[in-house]
2 protein chains.
Amino acid sequence: MREFVMAPEQDVVISSRVRLSRNYEDLPFSPKLTAEYAEEVIERTADVVFNTEHGAAFTLLRMGELEEDARTRLVEHHLISYDLLKFVNRAAAMVSSAGTITVMLNEEDHVRVQGLLPGLQLERSAEMALKLDEALESRYPFAFDAQWGFLTASPANTGTGMRSSVILHLPAITAAGQTGVIMQTVAKLGLAIRGLYGEGSEARGNLYQLSNQATLGRSEEDVIRAMSAATRQIVEHERSMREAAEKKDMLQLQDSLMRSWGELICARLMTGREFMRRYSDIRYAASMGYLHAPLPGLDMMMMDLQPGSLGVRAGKLISPRESEILRAKLLREELPGLVSD
Amino acid sequence: MREFVMAPEQDVVISSRVRLSRNYEDLPFSPKLTAEYAEEVIERTADVVFNTEHGAAFTLLRMGELEEDARTRLVEHHLISYDLLKFVNRAAAMVSSAGTITVMLNEEDHVRVQGLLPGLQLERSAEMALKLDEALESRYPFAFDAQWGFLTASPANTGTGMRSSVILHLPAITAAGQTGVIMQTVAKLGLAIRGLYGEGSEARGNLYQLSNQATLGRSEEDVIRAMSAATRQIVEHERSMREAAEKKDMLQLQDSLMRSWGELICARLMTGREFMRRYSDIRYAASMGYLHAPLPGLDMMMMDLQPGSLGVRAGKLISPRESEILRAKLLREELPGLVSD
């Protein structure tokens, strides 16, 4: 069995991410970026990253050289943005072996450095990203304006160029119908919350992404502090709602959550939609101590069973029905091993 | 793990039962049976039964001395009839340790000897009952008329005094909506089929009881032969429907049946109604080889989790909610142990 260490507030916060958007000052911005300049972006960045202290841990992935499922898998594991795939021919990513640092190349901006950690660790994610950012900047200066800050292809990112986000698991708040209140509250703080998967108001797996909107007029520290404070408030609210649900009828709660465990380890056909619903149930059960399974292991499995990642596991293009079969098979084979008693 | 041996046609036939209704010729029949005569019935019968070859294996149970749950438990395990409980003050039963032979005393008739075996074993059940019947008759003659045969309290049983029945598990026939056809077919043979549990057309657990109607004008051998032949036809039909369901979409069938296994081993609250539905699923799954659990073990568990039996396990009067909790607890604790891999 793999060993998993719990990260801060991981009962509610799945991961924390900080992204910095940067552009080399002497190369044309995205709209005018030719194939040659795009290659120059990749070479410069690789040159610096491979020569940092942990450079050997990085892999350079050119999007054009990957199968579609392999690219989708990177998105599903939050290692790259979905938008990077809009520029498949020129885009690349440098990914650290642990997946905690990624550098996206030739997305909307030349360089997007990402720090990604489990649980609520925005400060640490920002530190990681800023450290690599400094290594790059010290060698090849980025476009920077004394008044506006870092210049970016889209004005929405100009300033700090920093976007931070956390992925939240909010089954109890969702069940209590309180997501609307949460949305209004965070909007007042200049933050936004939306379902991570699904369309419209649907949040598959009861997963939400909280992110900052403004990149102008606030320092990196201020933004991270505000994001962390808002996250902590939501965490406390979710915890109190879980406790209330348990207090109301613990057996009923255990019954409904643990039945999903039974379905997951016995099903022969499992759609992605049903899987997300049941993943939410067993993550909730594990956070309450009803099920002795490590949250990081459940989250890893959740990403591994998304459509693209599943395709990579299959090693070939698979039909929706084959996906349902493979997802159920992997669940039966691997899920019971996550439980410690 | 207990060892279970498969009985003939046990994939479809749960058990076979033969009952003989008899009355001592020198004692008044049911309507005029006083407490003293009822006691005489018990003493005579016990005297003979305890002194047969396997007499030491029998226990005499006086209904008036048992708690209500303990009495209900005997009905649920098919050891006595529900009707025996109409005469609690005078009624008794002699039950063999394996439960295969029971003598009901002071029900509608003085003596009802029952042979009960798993699977399709009507001939053997009849032999067992007739052997004990002969032992009783040789000592204390039964009311018999050369023209009418054995005389009984109700004319419906006069003649052979024999009722035979089998309990059938028909999930595939039920799912295909063909129970109506089966009912019409057996009616033409002088037989009747009805849901074993549930009211009206409902058959909880997809369990049905097939029994003979006529006791006059046909020999015991004829009736048993007709019952066995009809049962075999239904067995073949059920098997072909199961094969058809598997052929149509095996994964879909496995998926729907095995999910019930997951629910049974994970639930914290389980109503009797849901339990019967899921028991039917896993019995079906086991008969198809999807689940490596012994059918006799599943059937025993099914009886053990009926309301009265559950009350006996609890050792006290329990509320419906407590029943749901205890049923789920026993399933989680005991069901996984039935599976061999």
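Residues numbered from 1 in each chain as written. Chains lettered and ligands numbered in written order. Predicted model: local features only at pLDDT ≥ 70, side-chain atom pairs only at ≥ 80, totals over all residues. Heavy atoms only, no water.

1. Re the relation of the copies chain B and chain A
Each of the two chain copies can be generated from the other by rotation about an axis followed by a shift along it.
Next, step 1: Of the transformation placing chain B onto chain A, the axial shift is 0.0 Å and the rotation is 180°, giving an RMSD of 0.0 Å. Within this description, the copies of the chain are treated as partners about a two-fold rotation axis. Closest approach to the rotation axis within chain B is made by the C-alpha atom of G262 of chain B, at a distance of 1.8 Å. (Least-squares fit on C-alpha atoms with pLDDT ≥ 70 in both.)

2. Re the nonpolar core
Next, step 1: Among the nonpolar cores identified, the biggest contains 178 residues, and L210, F275 and L335 of chain A together with L210, F275 and L335 of chain B are the most heavily contacted of them.
Next, step 2: Contacts of L210 of chain A, omitting those with residues within four sequence positions, involve S164, S165, V166, L168, V186, L191, A192, I193, M227, A230, T231 and I234 of chain A.
Next, step 3: Ranked by size, the runner-up nonpolar core spans 13 residues in total, among them L61, M63, L79 and I80 of chain A. (Core = buried A, V, L, I, M, F, W, Y, C linked by side-chain atoms within 4.5 Å. Buried < 20%, exposed > 50% of the residue type's maximum accessible area, 1.4 Å probe, protein only. Contact = heavy atoms within 4.5 Å.)

3. Examining helix α3 (residues 122-139) of chain B
All names here are of chain B.
Next, step 1: Taking 1.5 Å as the rise per residue, α3 with 18 residues should run 26 Å; its terminal C-alpha atoms sit 26 Å apart, in good agreement.
Next, step 2: Where α3 is concerned, the buried positions are L122, S125, A126, M128, A129, L132, D133 and L136. Down the axis of α3, the buried set is contained in an arc of 160°. They therefore lie on one face. In α3, the exposed residues that point more than 90 degrees away from the buried face are K131, E134 and S138.
Next, step 3: Among the structural elements, β1 (13-22), α1 (35-50), β4 (101-105), β5 (111-118), β8 (162-169) and α6 (220-248) are those in contact with the buried residues of α3. (Helix = DSSP H or I, 4+ residues; strand = E, 2+ residues; numbered from the N terminus. Expected span 1.5 Å × (residues − 1). Arc of directions from axis to C-beta.)

4. A closer look at unusual backbone geometry
Residues and elements named next belong to chain A.
Next, step 1: For E9, which is not glycine, the phi torsion reads 55° and is therefore positive.
Next, step 2: Mapped onto the elements of the fold, E9 is located in the segment before β1 (13-22).
Next, step 3: Accessibility expressed as a relative area gives 22% for E9, which makes it partly exposed.
Next, step 4: Within the chain, N206 stands out as a residue other than glycine whose phi angle is a positive 55°.

5. What about the pattern of salt bridges?
All names here are of chain A.
Next, step 1: Applying the stated criterion to the full structure yields 56 salt bridges over all chains.
Next, step 2: One salt bridge in this structure joins R239 and E236, with 3.1 Å as the shortest N-O distance. You can see R239 and its partner E236 sitting in helix α6 (residues 220-248), three residues apart, about one turn around the helix.
Next, step 3: On the basis of relative accessibility, which here comes to 46%, the residue E236 falls in the partly exposed class.
Next, step 4: With its nearest N and O atoms 2.7 Å apart, the salt bridge here joins R283 to D299. In this pair, R283 is assigned in helix α8 (residues 272-287) and D299 in helix α9 (residues 295-304), connecting sequence segments 16 residues apart. Judged on exposure class, the residue R283 and its partner D299 are both buried. (Salt bridge = Lys/Arg side-chain N within 4 Å of Asp/Glu carboxyl O.)

6. Re the interface of chain B and chain A
A common way to express how large an interface is: the accessible area buried when the components associate.
Next, step 1: On the chain A side, the residues contacting the 20 residues of chain B number 20 residues.
Next, step 2: Buried surface at the junction of chain B and chain A, both sides included, amounts to about 1700 Å², of which 55% is carbon and sulfur.
Next, step 3: Among the residues of chain B in contact with chain A, L251, R259 and R268 of chain B are the three that bury the most area, contributing 37% of the side total.
Next, step 4: Summed over the shared surface of chain B and chain A, the result is six salt bridges.
Next, step 5: Two residues, R321 of chain A and D249 of chain B, come together in a salt bridge whose shortest N-O distance is 2.7 Å. (Buried area = accessible area lost by both parts, 1.4 Å probe.)

7. Here we look at the packing of aromatic side chains
Next, step 1: The tally for this structure, following the rule as stated, stands at eight aromatic pairs over all chains.
Next, step 2: Note on F275 of chain A and Y279 of chain A: the rings are 6.4 Å apart at their centroids and 35° apart in plane angle, and the pair reads as tilted. Separated by four residues within a single helix, F275 of chain A and Y279 of chain A lie in helix α8, roughly one turn from each other.
Next, step 3: Owing to a relative accessible area of 0%, F275 of chain A belongs among the buried residues under this scheme.
Next, step 4: Judged by relative accessible area, which is 0%, Y279 of chain A ranks as buried.
Next, step 5: Consider the rings of Y24 of chain B and Y140 of chain B, whose centres lie 5.9 Å apart with planes at 75°: the pair is edge-to-face. Remark: Y140 of chain B occurs in the loop between α3 and β6 (144-145) and Y24 of chain B occurs in the loop between β1 and α1; sequence separation between them is 116 residues. When sorted by exposure, Y24 of chain B lands in the same class as Y140 of chain B, which is buried.
Next, step 6: One aromatic cluster in this structure is built from Y24, Y140 and F142 of chain A.
Next, step 7: Between R22 of chain A and the ring centre of F150 of chain A, over which it is positioned, the NZ or CZ distance is 3.6 Å.
Next, step 8: The cationic tip of R44 of chain A hangs over the ring face of Y24 of chain A; the distance from NZ or CZ to the ring centre is 5.2 Å. (Phe/Tyr/Trp six-rings, centres within 6.5 Å; stacked < 30°, edge-to-face > 60°. Lys NZ or Arg CZ within 6 Å of the ring centre and 35° of its normal.)

8. A word on the confidence of the model for chain A
Next, step 1: Of the residues in chain A, 99% reach a pLDDT of 70 or more, and the chain-wide mean stands at 94.
Next, step 2: The complex prediction reports pTM at 0.91, with the ipTM value standing at 0.88. (pLDDT = per-residue confidence, 0-100.)

9. Some words on the side chain of S323 of chain A
Residues and elements named next belong to chain A.
Next, step 1: Relative to the assigned elements, S323 resides in helix α11 (residues 320-334).
Next, step 2: Since its relative accessible area comes to 14%, S323 is described here as buried.
Next, step 3: If we skip the residues at most four places from it in the chain, S323 touches L310 and I318.

10. Some thoughts on the packing of helix α7 (residues 250-266) of chain B against helix α8 (residues 272-287) of chain B
All names here are of chain B.
Next, step 1: At their nearest, the axes of α7 and α8 sit 8 Å apart, and the two run at 125° to each other. Here α7 is positioned oblique relative to α8, judged by the angle of their axes. The two elements α7 and α8 cross, and the hand of that crossing is left-handed. Counted together, L253, S256, L257, M258, S260, W261, E263 and L264 of α7 and E274, F275, R278, Y279, D281, I282, Y284 and A285 of α8 form the full contact between these two elements.
Next, step 2: Residues belonging to the contact of α7 with α8 are distributed by class as follows: ten nonpolar, two polar and four charged. (Axes fitted to C-alpha atoms, helices over the stretch in contact; angles between N-to-C directions. Parallel < 35°, antiparallel > 145°, perpendicular 65-115°, else oblique. Left-handed = near helix turned anticlockwise from the far one by under 90°. Nonpolar A, V, L, I, M, F, W, Y, C, P; charged D, E, K, R; others polar.)

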